[in-house]
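If you want the building blocks of each chain, they are given just below.
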Amino acid sequence: MSPRIPALAWVALSVLVASALIVSPRSAWAHHMDGWVHDHSSTAIPPRPDGLSAIRATFGPVCGDAANDARSYWPSQSSSGAGYVYYHSYIGRNVGYNIRNHVDADHRNAAVRWLVGGYNCRYISGTTTWSLHAWGAAIDTNSSLNPMGQSYWNGTGSDGRNYGTYLPDIWRGAYPGHKFFWGLNWPTSPDPMHFQYATGY
C-alpha cells in the first residue's frame with residue numbers, strides 16, 4: 001500500500017506544475033533584448049543638416065578624421081559575412097544603438113544583405129562632387145540587390161526571404177524610422193541602397 005500524500009502537499013504540487021506551465025512558455029518567448037529601449041532624444045537623433053554649408057558645419061571637413069570615428073557590427077556586411085560599418089559620430093548613436101539594435105531586437109538580422117557600407121572618401125559615382133559617404137553621413141545597405149538607378153527596393157534578405165520595406169522603414173520615417181533621407185526618393189538617379197543623414201545635397 002502506497003503512502004498517502006497530504007492534501008496540502010497536493011496543493012503545493014499543483015501550484016508548482018501550473019507555474020511551470022505558465023513560466024516556461026513565457027521564458028521561451030522572452031525578448032532577447034528586454035533591456036534595450038529606443039533613444040529618441042536629441043542626442044541620439046540630432047538635427048539633420050540641409051544643404052552643403054550645414055553639412056560642412058555639422059560633419060566637418062570632407063574625408064576628415066571624424067568621418068569614420070564611430071562603427072557598429074552588421075550581419076552580411078560583405079559577401080564574406082559580418083563586419084564593421086564605419087560612420088561619423090554625429091549619427092553614431094542613431095545608427096549603432098537605435099537602428100542596428102532595432103534590427104537585432106526584431107530578430108530580423110537576416111533582412112540585411114551585403115554590402116553594407118558607410119564612410120568612403122570618394123566622389124558621387126560618375127561625378128567630381130563629393131559623396132556624403134566622404135563625410136561619414138551616409139550608409140548603403142543591401143546594395144547587391146539595390147544598385148544606383150534602380151527605381152524600386154528589393155527587400156530580399158540574406159536568407160532569401162522577402163522582407164518588403166522593413167529596412168528602409170527603420171532608416172527613414174515614419175515610426176520607427178530614424179530620419180534618414182532615402183536615396184530612392186531622388187527624382188533622377190534613384191539610389192535605393194542609400195540612406196543619408198542630410199538633405200539638400
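Per-chain numbering applies: the sequence of each chain, read as written, is numbered from 1 onward. Local features in this predicted model are restricted to residues of pLDDT 70 or higher, and side-chain atom pairs are both shown and tallied only at a pLDDT of 80 or more, whereas totals for entire chains, interfaces and linings draw on every residue. Values shown for side chains rest on all heavy atoms present in the structure; no hydrogens or waters enter the calculation.

Quick notes on the confidence of the model for the protein
- Scored from 0 to 100, pLDDT records how confident the predictor is in each individual residue. Taken residue by residue, the protein gives an average pLDDT of 87. The fraction at 70 or more is 83%.
- The criterion used for residue contact is that any of the two residues' heavy atoms lie within 4.5 Å. Counted against residues more than four places away or in other chains, residues 7–30, with its pLDDT under 50, gives 3 contacts.

Digging into the state of the cysteines
- We call a pair of cysteine sulfur atoms a disulfide when they lie within 2.5 Å. Counted according to the given criterion, the structure contains 1 disulfide.
- Shown here is the disulfide that connects cysteine 63 with cysteine 121, its sulfur atoms set 1.9 Å apart. Here cysteine 63 and cysteine 121 share a disulfide; its torsion about the S-S bond, 95 degrees, makes the bridge right-handed. On the criterion of sequence distance, the pair formed by cysteine 63 in the loop between α2 (52–59) and β1 (70–78) and cysteine 121 in the loop between α3 (92–105) and β3 (138–140) is long-range, its members being 58 residues apart.
- Residue cysteine 63 is classed as partly exposed on the basis of its relative accessible area of 23%. Only DSSP runs of H or I covering at least 4 residues are called helices, and only runs of E covering at least 2 are called strands; the numbering of each starts at the N terminus. Per-residue accessibility, obtained with a 1.4 Å probe over protein chains only, is compared with the maximum for each type, and a residue is labelled buried under 20%, exposed over 50%, and partly exposed between these values.

Notes on the nonpolar core
- With 32 residues, the main nonpolar core has Trp74, Trp171 and Phe180 as its most contacted residues.
- For this core, the elements supplying multiple residues, two or more each, are α2, β1, β2 (81–87), α3, β3 and α4 (166–171).
- Look past the residues within four positions of tryptophan 74 in its chain and what remains in contact with it is Ala82, Gly83, Val85, Val95, Ile99, Arg100, Val112, Val116 and Trp171. Buried Ala, Val, Leu, Ile, Met, Phe, Trp, Tyr and Cys residues form a nonpolar core when they are joined through side-chain atoms within 4.5 Å.

Some details on unusual backbone geometry
- Of note, the bond from tryptophan 114 into leucine 115 is cis; its omega dihedral lies within 30 degrees of zero at 0 degrees.
- Residue placement: leucine 115 occurs in the loop between α3 and β3.
- The residue asparagine 142 is not glycine, and still its phi comes out positive at about 55 degrees.
- For asparagine 142, the location among the structural elements is in the loop between β3 and α4.
- Judged by its relative accessible area of 1%, asparagine 142 is buried.
- Positive phi, close to 70 degrees, is recorded for lysine 179, a residue that is not glycine.
- In this structure, lysine 179 sits in the loop between α4 and β4 (181–182).

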